[in-house]
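Structural characterization, general
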Protein chains: 2
Amino acid sequence: MAERSVPFRDKAIETAPRPEIEKIQTAALRTQIAQALKTPFYRPRLEEAGLSSPDEIRSLADLSRIPFTSKGDLREAYPFGLLAVPKDQVVRVHASSGTTGTPTVIYLTQKDLDLASDTMARCLTAAGATSGDVVQNMMTYGLFTGGLCFHYGAELLGAMVIPTSAGNTLRQLKFMKDFGTTMVHATPSYLLHLHQAIADEGYSRGDLRLRMAVTGAEPHSEELRLKIQDKLGIEVYNCYGMSEMNGPGVAFECVHRAGMHVWEDRYIAEILDPDTLLPVPEGEIGELVLTILCRDAMPLLRYRTRDLTRFIPEPCACGRTHRRIARFTGRTDDMLIINGVNVFPSQIEEVLLRTKGVGANYFIIVDKDGVLDKLTVQVEITPEMFADDSRVINALRERLKSELQALITINPVLEIKQPGSLPVSEGKAKRVSDLRPKE
Amino acid sequence: MAERSVPFRDKAIETAPRPEIEKIQTAALRTQIAQALKTPFYRPRLEEAGLSSPDEIRSLADLSRIPFTSKGDLREAYPFGLLAVPKDQVVRVHASSGTTGTPTVIYLTQKDLDLASDTMARCLTAAGATSGDVVQNMMTYGLFTGGLCFHYGAELLGAMVIPTSAGNTLRQLKFMKDFGTTMVHATPSYLLHLHQAIADEGYSRGDLRLRMAVTGAEPHSEELRLKIQDKLGIEVYNCYGMSEMNGPGVAFECVHRAGMHVWEDRYIAEILDPDTLLPVPEGEIGELVLTILCRDAMPLLRYRTRDLTRFIPEPCACGRTHRRIARFTGRTDDMLIINGVNVFPSQIEEVLLRTKGVGANYFIIVDKDGVLDKLTVQVEITPEMFADDSRVINALRERLKSELQALITINPVLEIKQPGSLPVSEGKAKRVSDLRPKE
């Protein structure tokens, strides 16, 4: 990439030497332990681990003494078991959808909210956004952090924020054109849908001033990013977060787009072997475990995200010292075991999307065929490919089959679908259906 | 009502003597004229009216020299004709739905947004809300001001805000119970729906800590308010606003709930004869015309709201000097002319809701019957009434018919409907269908 100036929101912090970062983390961890000791959920657990005072934390090495927290724990602590401040100091509640089962909930004080907004503004600055940008936020507003928490960061940056929320693609396009939107926040699958709608509705690229997108809420491959960048002619930035950690902005790409910097003054990131729960060697894949350092209302210590990634050990060209994590390989709990082989949907996506002629959408079905597992991959092809000779389409099918078999050692059924025939979701795309009977 | 202390957010301003309010208004009006002169929409119009400088405004009497602005003007000025600041100073865009035709759009700078939030926080304080309240906001978040602008005010107040947004009634109830929600923001029709759901889902009133509701976005009668208060055992506060004026909070009820105080340091309210556009005598009904005084990014001068109301001339017991407006009689453009008689749907609602046995929902249909207009009123009855003898139901029908005829001099068709049979909307209730051919 061409020489490009690196923007910072808080350069001293973002480029702090490692010892200074660790000093900040140690002090903040002590504060978090103090807060945790005020909660009915953590107090007995910490005491049992010999951590009945924040002074027990002398260095980051003491992190390993802290027990883990899981999503199940959050549900167990619902609604107020993790609240560390009096209720009248809480100004915001966010929650997972909660349509089935117990929702997972977070609380924020005004200070927590200000820090969350500042973190998000730092992310956007790192990606090159400024107060001159027109930001259209296509994530759902409400209890979902992806809408409001991103919104607050963009507003703090001073951008012109258009809170369109999710859906209503025709209005999204009209507003993008009429207000000169320069940045959108959306899922990767919605960006592809938007690209298709731009063509279908007769907009030309010159109608739009779009220059960048922030994508989140949905794991996707580098191939998909490149495809979106290419189709829309924009830069696409990866964003990592989850509602438990204040939503988007835990980790974010800088202008070099080569992995996401975890904001280590606000989160402690560990990458652990999901079985032994010990650190993996630097650079190897493991489960990301996060401790939030910037929330008084609700501590979360060593939270098991179930997301699989690795640290990128090399320093980043941007000069930031906050370590980068790589694109996610999958989740410990979305790994498919097919005839005894570990398969991540992201591996399949990688093969599909690097292949010319493959369209925007695909679907994976796992089923039983007698005693064996059967993997079916449904793939939309592009309109150009669809218009082509059936021999060309058959050749594509065979090529995909053999490439997938080489990668995952399973011979899949490959179904070619016409463009637009697979369902498009406007939120998180659901791309896997496991129809095997539960044991 | 019992003696009750009157809470203020800014007592000096809220109880300022009339001459002081007028001084504030005059100075602010000058600033608004200065802003308006920076816009392509207003500049030629103001110059034509001899107002080429803010100094032309010497007193409030000069208000009458300012031309009116209509909703059509907003559409004409779309997207940027009313923008009075450089684009990079805008931090927020709100818009009407824009699904059909040109949306109406507003812009806010950070200062404008802070003032809008402060106005909303002032409203909530006047109604007795505090930082100790748990506020569940059931209005749609996104471009609609009713969600986000209310949210910002409640957050500024320091309340615990749960941004549930609209819909998903079962989740709303679960959160109300689990978080001890004390205040909700919803449309009156959704509050009735909620009351029904509380019963249907087996919640008891003791499960809920709800003590008040703020209603907006939908005109309704005093009878409906009393019914909701009675059913839910809460206080219901009327709120007036519109997206063009920064959303909810233009006028709000104090703890006396006897008309809505217009915040006259931030809005100039006039009540005019919709035909002559001259002021009606104090206390008489006319069209509310508003000038916003607290928005640098987008002035709106003498905006014709089409809403019909009157000033309440008597001073309010709360001590606020900002004048009250009465519950709205209707809109200049939702008045129905039936066989030559002016009928407002609100008049029909008034009769229905004061009648025992009438349920939560009704629908008005106007159609042609030969050369004459025909008015049909569909009315749900309560489950108790529905279980009663058919003679009782017939008596109710006849009573409603004769009361309606007495009020509106038209003999309506009265259709009794079983409870829950008419459609319930979760947003603004649509209660009128005019099926007559357009001329």
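Just so it is clear, the structure is predicted and the values come from calculations on it, not from any experiment.

All names here are of chain B. Most of strand β19 (residues 372–381) sits out of view: eight of its 10 residues are buried. Note that strand β18 (residues 358–369) and β19 share nine bridges and pair antiparallel. In the strand pairing of β19, Tyr-362 is matched with Val-379. Following β18, the chain reverses through two residues before pairing antiparallel with β19; Gly-370 in that reversal takes a positive phi of roughly 70°. As paired elements, β19 and strand β20 (residues 413–417) share five bridges and run parallel to each other. Looking across to β20, one finds that Gln-378 is bridged to Glu-415.

Here the focus is the domain arrangement of chain A. All names here are of chain A. Domains assigned within chain A are domain 1 (1–332) and domain 2 (336–434). One C-alpha centre belongs to domain 1, the other to domain 2; they are set 30 Å apart. Tallying the contact residues gives 19 residues for domain 1 and 16 residues for domain 2. Around 1,400 Å² of area is buried between domain 1 and domain 2 when both sides are counted, 56% of it from carbon and sulfur atoms. Broken down residue by residue, the surface that domain 1 buries against domain 2 is led by Glu-223, Lys-227 and Thr-329, which jointly contribute 31%. On the surface where domain 1 and domain 2 come into contact, there are zero salt bridges. Along the contact surface separating domain 1 from domain 2 lie three residue pairs in polar contact (both at pLDDT 80 or more). Those elements that place two or more of their residues in the side of domain 1 that touches domain 2 are α8 (188–200), α9 (222–232) and β15 (330–331). For the side of domain 1 that touches domain 2, a count of residues per class yields five nonpolar, 10 polar and four charged.

Rotating chain A by 180° and moving it 0.1 Å along the rotation axis overlays it on chain B with an RMSD of 0.1 Å. Both copies are brought into coincidence by an operation consistent with a two-fold rotation axis. Within chain A, Tyr141(A) has its C-alpha nearest the rotation axis, a separation of 2.7 Å. Interface overlap between copies is the fraction of interface residues in one copy that are interface residues in the other; for chain A against chain B it reaches 100%, indicating a shared surface.

Attention now moves to the pairing of strand β7 (residues 235–242) of chain A. Residues and elements named next belong to chain A. Judged by how many residues are buried, β7 sits mostly within the fold: seven of eight residues are covered. Where strand β6 (residues 212–215) and β7 come together, four bridges link them in parallel fashion. Among the inter-strand pairings, Thr-215 is bridged to a residue of β7, identified as Asn-238. Sheet topology note: the β7/strand β8 (residues 247–253) ladder contains four bridges and is antiparallel. Counterpart to Met-242 in the pairing with β8 is Gly-247. Taking the residues that link successive antiparallel strands as the turn, the β7-β8 hairpin has four residues, and the phi of Asn-246 there is positive, at about 75°.

All names here are of chain A. Strand order across the open sheet formed by four strands is β10-β11-β12-β15, with antiparallel pairing between neighbours. Strand pairing shows two members of the sheet lacking a second neighbour, β10 (267–272) and β15, which therefore form its edges. Judged from the six bridges that link them, β10 and strand β11 (residues 286–292) form a sheet pairing that is antiparallel. Its bridge partner lying in β11, Tyr-267 is registered against Ile-292.

Looking now at the sheet that holds strand β19 (residues 372–381) of chain A. Residue and element names in this part refer to chain A. Strand order in the open sheet formed by four strands is β20-β19-β18-β21, and the pairing between neighbours is mixed. Each of the sheet's edge strands pairs with one partner strand only, and the pair in question is β20 (413–417) and β21 (432–434). Direction aside, the axes of adjacent strands within the sheet are offset by 15° on average. Pairing geometry for strand β18 (residues 358–369) and β21, over three bridges, is parallel. Considered in β21, the bridge of Ile-364 is made with Val-432.

A word on the packing of helix α9 (residues 222–232) of chain B against helix α10 (residues 345–353) of chain B. Residue and element names in this part refer to chain B. With their axes 8 Å apart at the nearest point, α9 and α10 run at an angle of 40° to one another. What the angle tells us is that α9 and α10 run oblique. Where α9 abuts α10, its residues Glu-223, Leu-224 and Lys-227 lie against Glu-349, Glu-350 and Leu-353. In terms of residue class, the contact of α9 with α10 is built from two nonpolar, no polar and four charged.

For the rest of this paragraph, the subject is the pattern of salt bridges. All names here are of chain A. Applying the stated criterion across every chain yields a total of 60 salt bridges over all chains. Asp-265 is the partner of Arg-122 in a salt bridge, and the nearest nitrogen-oxygen pair spans 2.8 Å. Here Arg-122, found in helix α5 (residues 110–126), pairs with Asp-265, found in the loop between β9 (260–262) and β10; they are 143 residues apart in sequence, far enough to count as distant. Its relative accessible area of 0% is what places Arg-122 among the buried residues. What makes Asp-265 buried here is its relative accessible area of 11%. One network of salt bridges, in which partners are shared, links Arg-9, Asp-118, Arg-122, Asp-265 and Arg-266.

In total, this model carries 15 aromatic pairs over all chains according to the counting rule given. On the numbers, 5.8 Å between centres and 80° between planes, the contact of Tyr78(A) with Phe179(B) is edge-to-face. Taken as a pair, Tyr78(A) in the loop between α4 (71–77) and β1 (90–95) and Phe179(B) in helix α7 (residues 169–179) lie in two separate chains rather than in one. You can call Tyr78(A) buried: its relative accessible area is 15%. Ring geometry for Phe80(A) and Phe179(B): centres 5.8 Å apart, planes at 85°, overall edge-to-face. Here Phe80(A) is found in the loop between α4 and β1, whereas its partner Phe179(B) is found in helix α7 on a different chain. Under the relative-accessibility criterion, Phe179(B) is labelled buried at 2%.

Moving on: the side chain of Thr109(B). Residues and elements named next belong to chain B. Among the structural elements, Thr-109 can be located in strand β2 (residues 105–109). Looking at Thr-109, the relative accessible area reads 7%, which means it is buried. The residues contacting Thr-109, other than those within four sequence positions of it, are Val-85, Gln-89, Val-91 and Ala-297.

Turning our eyes to something else, we now look at the side chain of His322(B). Residue and element names in this part refer to chain B. Within the element layout of this structure, His-322 appears in the loop between β13 (311–312) and β14 (324–325). Of the residues examined, His-322 reaches a relative accessible area of 2% and is grouped as buried. Engagement of the side chain of His-322 in a polar contact is seen with the backbone oxygen of Ile-13, the distance being 2.8 Å.

All names here are of chain A. With 17 residues, α5 extends 24 Å from end C-alpha to end C-alpha; this agrees with the ideal 24 Å at 1.5 Å per step. Where burial is concerned, most of α5 is hidden: 13 out of the 17 residues are buried. Looking one or two residues past α5, Gly-128 carries a phi angle of roughly 95°, positive in sign.

This part is about the packing of helix α5 (residues 110–126) of chain B against helix α6 (residues 145–157) of chain B. Two quantities define a packed helix pair, namely the angle between the axes and the distance from one axis to the other. Residues and elements named next belong to chain B. Packing of α5 against α6 brings their axes to within 7 Å, and their N-to-C directions diverge by 70°. The orientation of α5 with respect to α6, classified from their angle, is roughly perpendicular. On α6, the residues touching Leu-113, Ser-117, Asp-118, Met-120, Ala-121, Leu-124 and Thr-125 of α5 are Cys-149, Phe-150, Tyr-152, Gly-153, Ala-154, Leu-156 and Leu-157. Split by residue class, the contact of α5 with α6 holds 10 nonpolar, three polar and one charged.

Moving on, we get to the interface of chain A and chain B. If you look at the interface, chain A gives 42 residues, while chain B gives 42 residues. Where chain A abuts chain B, roughly 3,300 Å² becomes buried across the two surfaces, and 64% of that area is made up of carbon and sulfur atoms. If you look at where chain A meets chain B, you find two salt bridges. Note that Arg92(A) is salt-bridged to Glu155(B), the shortest N-O span being 2.8 Å. For the pair chain A and chain B, the number of links is 18 residue pairs in polar contact (both at pLDDT 80 or more).

Analysis parameters
Residues numbered from 1 in each chain as written. Chains lettered and ligands numbered in written order. Predicted model: local features only at pLDDT ≥ 70, side-chain atom pairs only at ≥ 80, totals over all residues. Heavy atoms only, no water. Buried < 20%, exposed > 50% of the residue type's maximum accessible area, 1.4 Å probe, protein only. Helix = DSSP H or I, 4+ residues; strand = E, 2+ residues; numbered from the N terminus. Pairing = 2+ DSSP bridges. Domains from an automatic or database assignment. Contact = heavy atoms within 4.5 Å. Buried area = accessible area lost by both parts, 1.4 Å probe. Salt bridge = Lys/Arg side-chain N within 4 Å of Asp/Glu carboxyl O. Polar contact = N/O pair within 3.5 Å; in protein donor to acceptor, adjacent residues only side chain to side chain. Nonpolar A, V, L, I, M, F, W, Y, C, P; charged D, E, K, R; others polar. Least-squares fit on C-alpha atoms with pLDDT ≥ 70 in both. Axes fitted to C-alpha atoms, helices over the stretch in contact; angles between N-to-C directions. Parallel < 35°, antiparallel > 145°, perpendicular 65-115°, else oblique. Phe/Tyr/Trp six-rings, centres within 6.5 Å; stacked < 30°, edge-to-face > 60°. Expected span 1.5 Å × (residues − 1).

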